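Structure at a glance
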Amino acid sequence: MIARIKKNEELTSGYFLVDIEADGIGKDKAGRPALPGQFYMLKVGLSTDPLLRRPLSLHRKLSDDSVRFLYRQAGRGTGIISRLIPGDKLDLLGPLGNGFSIPAGVKHALIVGGGIGVAPLTALADYISDERKDITAAAFIGGRSREYVLGADEFRQKGIETFTATEDGSLPRKGLITHALDDYIREHNRNDACGRSTVCGWVIYSCGPHPMLISVAAIAKKYGIKNYTSMESNMACGIGACMGCVISVLDREHGGSVYKKVCDDGPVFDAEDIIW
Ligand SMILES: Cc1cc2nc3c(=O)[nH]c(=O)nc-3n(C[C@H](O)[C@H](O)[C@H](O)COP(=O)(O)OP(=O)(O)OC[C@H]3O[C@@H](n4cnc5c(N)ncnc54)[C@H](O)[C@@H]3O)c2cc1C
Ligand code: FES
């Protein structure tokens, strides 16, 4: 679909928000609303160079005809996107992939993002606060310094208790966000009068740098909490055709491991299935 740039602004050095509009951009081919955790493949520029589309996650659905992306200028493709101005056209595919799922019985969601990994988690927070008022949430956002702790204000505006951590201590607390996550769960982890753990019915959603995801998965396993994680992989087609984006996951049915496509089977996976 050909979409139009509505707004494209630098949020902090090298990180941008872009609003894009097109008829039905916020819905899939079957007319279902785009889900948090789904992504779009953007063709940067209208010529054949660069050839490959670049994946960006749904950051906010503004309406059925307008979506927002949060992106880091990583290289050539995102550099080209950063120079687009209102009225410029862009060809994109999506929404693609599976999105975050909320299993039955979930009462409390822990949303854990590092750096640009916050991009799809804001859409998840929007979804929970708008559509799932039966679920409470807490957010944990880390970055290397104050400027790179993205989206904390949006989470707080939704009434979500939000914890931050920076590597340089420019925002409290100093250190890794996974330490804040571990402390939070430990402080809440008790047995109720019936002997049930108070973290029963909790779920963790994570997106961010690989080492952070590994650490979150280990914390989730330690407390017996389900962890859904959004994975990244270099993508060529984004629609399951090229096998360029595969990762190894446990084969629960036959044992051993099996390849799964991040674009088509993911990008969200049960962290317990991933062979890190
Ligand atoms: C499902 C999915 C959702 C994504 N959502 C977002 C998002 O919401 N916001 C955002 O800023 N980025 C997101 N990314 C990463 C983004 O797609 C890449 O940063 C982008 O494709 C880089 O393109 P480029 O041409 O600017 O950089 P290139 O010149 O292609 O590469 C520049 C640098 O970026 C690295 N890079 C390239 N592709 C990826 C990738 N897929 N993941 C991580 N690093 C990569 C390269 O290794 C290289 O170091 C997502 C990736 C996936 C797979
Ligand atoms: S990017 Fe082609 S199969 Fe996933």
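Whatever comes next refers back to the structure up there.
Our subject in this report is the structure included herewith. (Residues numbered from 1 in each chain as written. Chains lettered and ligands numbered in written order. Predicted model: local features only at pLDDT ≥ 70, side-chain atom pairs only at ≥ 80, totals over all residues. Heavy atoms only, no water.)

What follows deals with the layout of surface pockets. Gaps left between atoms are located by rolling a probe of water-molecule size over the structure's atoms. There is about 1200 Å³ of room inside the largest pocket. Contributing to the lining of the largest pocket are 45 residues, with Arg-72, Ile-116, Gly-117, Gly-208 and Glu-232 lying nearest its centre. Listing elements by their share of the lining of the largest pocket, those giving two or more residues are strand S4 (54–57), strand S6 (66–72), helix H1 (76–82), helix H2 (118–131), strand S9 (136–143), helix H4 (177–188) and helix H5 (210–223). Looking at which element gives the most residues to the lining of the largest pocket, the answer is S4, with four residues. Tallied by class, residues from the lining of the largest pocket come to 22 nonpolar, 16 polar and seven charged. (1 Å grid on protein atoms, 1.4 Å probe; cavity = no way out; pocket = protein on both sides within 12 Å on 5 of 7 lines; lining within 4 Å. Points joined across faces, edges and corners; volume = space filled by probe spheres on them. Helix = DSSP H or I, 4+ residues; strand = E, 2+ residues; numbered from the N terminus. Nonpolar A, V, L, I, M, F, W, Y, C, P; charged D, E, K, R; others polar.)

Quick look at the site of ligand 1 now. For ligand 1, the set of nearby residues contains 19 residues, the closest of which are Arg-54, Pro-55, Gly-77, Thr-78 and Glu-232. Contact distances for ligand 1 include 2.6 Å between an oxygen atom and a backbone N or O atom of Pro-55. Take Gly-75: an N or O atom from its main chain is 2.9 Å from an oxygen atom of ligand 1. Across the complex, the protein chains shield 74% of the 850 Å² of accessible surface that ligand 1 would expose by itself. (Near = heavy atom within 4 Å. Polar contact = N/O pair within 3.5 Å; in protein donor to acceptor, adjacent residues only side chain to side chain. Areas by Shrake-Rupley, 256 points an atom, 1.4 Å probe, with all protein chains shown as cover.)

Another point: the environment of Ile-25. For Ile-25, the location among the structural elements is in the loop between strand S2 (15–21) and strand S3 (39–43). Judged by relative accessible area, which is 0%, Ile-25 ranks as buried. Placed 38 residues apart in sequence, Ile-25 and Ser-63 show a C-alpha to C-alpha distance of 8.6 Å. Contacts of Ile-25, omitting those with residues within four sequence positions, involve Met-1, Ala-3, Ile-20, Tyr-40, Asp-64, Asp-65, Ser-66, Val-67, Leu-92 and Pro-95. (Buried < 20%, exposed > 50% of the residue type's maximum accessible area, 1.4 Å probe, protein only. Contact = heavy atoms within 4.5 Å.)

In space, the six strands of this open sheet follow the order S10-S9-S8-S11-S12-S15, with mixed pairing throughout. At either margin of the open sheet sits one strand with a lone partner, and together these are strand S10 (161–166) and strand S15 (268–270). Ignoring strand direction, the axes of neighbouring strands in this sheet form an average angle of 20°. Of the pairings in the sheet, the one linking strand S8 (residues 108–114) to strand S11 (residues 202–207) comprises six bridges and is parallel in character. Directly across from Gly-113, in S11, lies its bridge partner Cys-207. Most of the contacts of H5 go to S11, to which it runs at about 170°, and overall it touches S8, S11 and strand S12 (226–230). (Pairing = 2+ DSSP bridges. Axes fitted to C-alpha atoms, helices over the stretch in contact; angles between N-to-C directions.)

Turning our attention to the pairing of strand S7 (residues 89–96). When you tally the buried positions in S7, you get six out of eight residues, the bulk of the element. Pairing geometry for strand S1 (residues 2–12) and S7, over three bridges, is antiparallel. Bridging across to S7, Ala-3 finds its partner in Leu-90. For S3 and S7, the ladder comprises four bridges, and the chain directions are antiparallel. Looking across to S7, one finds that Met-41 is bridged to Leu-93.

None of the figures reported here should be taken as evidence of function without further support.
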